[in-house]
Amino acid sequence: MKRPQDNSARTLVAGVGNIFLGDDGFGVETVRRLAAEQLPDHAEVVDIGVRGVHLAYELLDGYDTLILVDATARGGAPGTVYLIEAEHAGGIEPQGALLDGHRMSPDAVLALLETLCAGTGARPPRRTLVVGCEPAGVEEGIGLSPPVAAAVPEAVGLILGVLRDGEQESSARPAAVGEAAK
């Protein structure tokens, strides 16, 4: 992928999740489809999957914005897409990040990133967004459930809108998808 020259405006879109756990593969499938789209020059798309440690080190490269794409259980109907602006890494202290490369939640990745930045002098992204989708199930099995599969194009459109328009949402906003629309 072509890297933009201006690090201050770079955006990394990272799909995370485990494709062997049903709807947990939402992030991976969404970025796979997003990569086929015409993206702005400042945007890079990566399939991180379950390699959370790799994502933390990738972010040391210098990005202004991180967009994480992941299955996100928030109590909505399966297939509901959310746009969430993260205010901080979460309740995990940077020193407490567990280094199990296959079981790192986005919070643990961001906590690890804070620790790495403190040790290297690098700076974390100024802004972190999560594009999440309410899963129907995350049991063993390959393939997304019908409501989550139907949400992938909506999530791609939402991410493209954020990348192209610089949308400045600051709180959780459910984006209506399929039958989850109300």
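These remarks concern the structure in this document. Quantities reported herein were computed from a predicted structural model and do not represent experimental measurements.

When its secondary structure is counted, the protein chain shows four helices and six strands. In the protein chain, the order of α-helices and β-strands from amino to carboxyl end is β-α-β-α-β-β-α-β-α-β. Pairs at least 24 residues apart make up 78% of the contacts formed inside the protein chain by residues separated by at least 6 positions.

Further remarks concern the pattern of salt bridges. A complete count under the given rule lists five salt bridges for this structure. Taking the shortest distance from any N to any O, the salt bridge between arginine 10 and glutamate 44 comes out at 2.9 Å. Pair noted here: arginine 10 is in the segment before strand 1 (11-16) and glutamate 44 is in strand 2 (residues 43-49), with a separation of 34 residues, a long-range link. Both residues of the pair, arginine 10 and glutamate 44, count as buried. Between arginine 126 and aspartate 64 there is a salt bridge whose closest N-O contact spans 3.0 Å.

With that out of the way, let us pick up the nonpolar core. By size, the foremost hydrophobic cluster in this structure holds 24 residues, and its most contacted members are Val13, Leu34, Ile67 and Val131. Valine 13 has contacts with Val31, Leu34, Glu44, Val45, Val46, Ile67, Val69, Ile159 and Leu163, leaving out every residue within four places of it along the chain. Counting residues in hydrophobic clusters, the runner-up holds 15 residues, among them Ala14, Leu55, Tyr63 and Leu66.

The next point concerns the side chain of glutamate 44. Using a relative accessible area of 3% as the deciding quantity, one classes glutamate 44 as buried. Reaching out from glutamate 44, the side chain makes a polar contact with the side chain of arginine 10 at a distance of 2.9 Å. Of the polar contacts made by the side chain of glutamate 44, one reaches the side chain of tyrosine 63; its length is 3.3 Å.

Quick look at helix 1 (residues 26-34) now. Counting buried positions along helix 1 gives seven out of nine residues, so the element sits mostly inside the fold. If you check which residues of helix 1 are buried, you get Phe26, Gly27, Val28, Glu29, Thr30, Val31 and Leu34. Considering only its buried residues, helix 1 is in contact with strand 1, strand 2, strand 3 (65-71), strand 5 (127-133) and helix 4 (146-165).

It is worth spelling out a nonpolar patch on the surface at this point. Together, Ile19, Phe20 and Ile142 make up an exposed nonpolar region whose accessible area comes to about 330 Å². As for its placement among the helices and strands, isoleucine 142 is situated in the loop between strand 5 and helix 4.

Moving on: the pairing of strand 1. Along strand 1, six of the six residues are buried, which leaves the element largely enclosed by surrounding structure. As defined by bridge partners, strand 1 adjoins strand 2 across six bridges and the pair is classed as parallel. Directly across from valine 13, in strand 2, lies its bridge partner valine 45. The parallel pair strand 1 and strand 2, bridged by helix 1, forms a crossover whose chirality is right-handed. Judged from the five bridges that link them, strand 1 and strand 3 form a sheet pairing that is parallel. The partner of glycine 15 across the bridge, within strand 3, is valine 69.

Quick notes on the rules
- Residues numbered from 1 in each chain as written.
- Predicted model: local features only at pLDDT ≥ 70, side-chain atom pairs only at ≥ 80, totals over all residues.
- Heavy atoms only, no water.
- Helix = DSSP H or I, 4+ residues; strand = E, 2+ residues; numbered from the N terminus.
- Contact = heavy atoms within 4.5 Å.
- Salt bridge = Lys/Arg side-chain N within 4 Å of Asp/Glu carboxyl O.
- Buried < 20%, exposed > 50% of the residue type's maximum accessible area, 1.4 Å probe, protein only.
- Core = buried A, V, L, I, M, F, W, Y, C linked by side-chain atoms within 4.5 Å.
- Polar contact = N/O pair within 3.5 Å; in protein donor to acceptor, adjacent residues only side chain to side chain.
- Patch = residues over 30% accessible without salt bridge, like charges linked within 9 Å, V, L, I, M, F, W, Y side chains within 5 Å.
- Areas by Shrake-Rupley, 256 points an atom, 1.4 Å probe, with all protein chains shown as cover.
- Pairing = 2+ DSSP bridges.
- Right-handed = clockwise from strand over helix to strand, strands pointing away.

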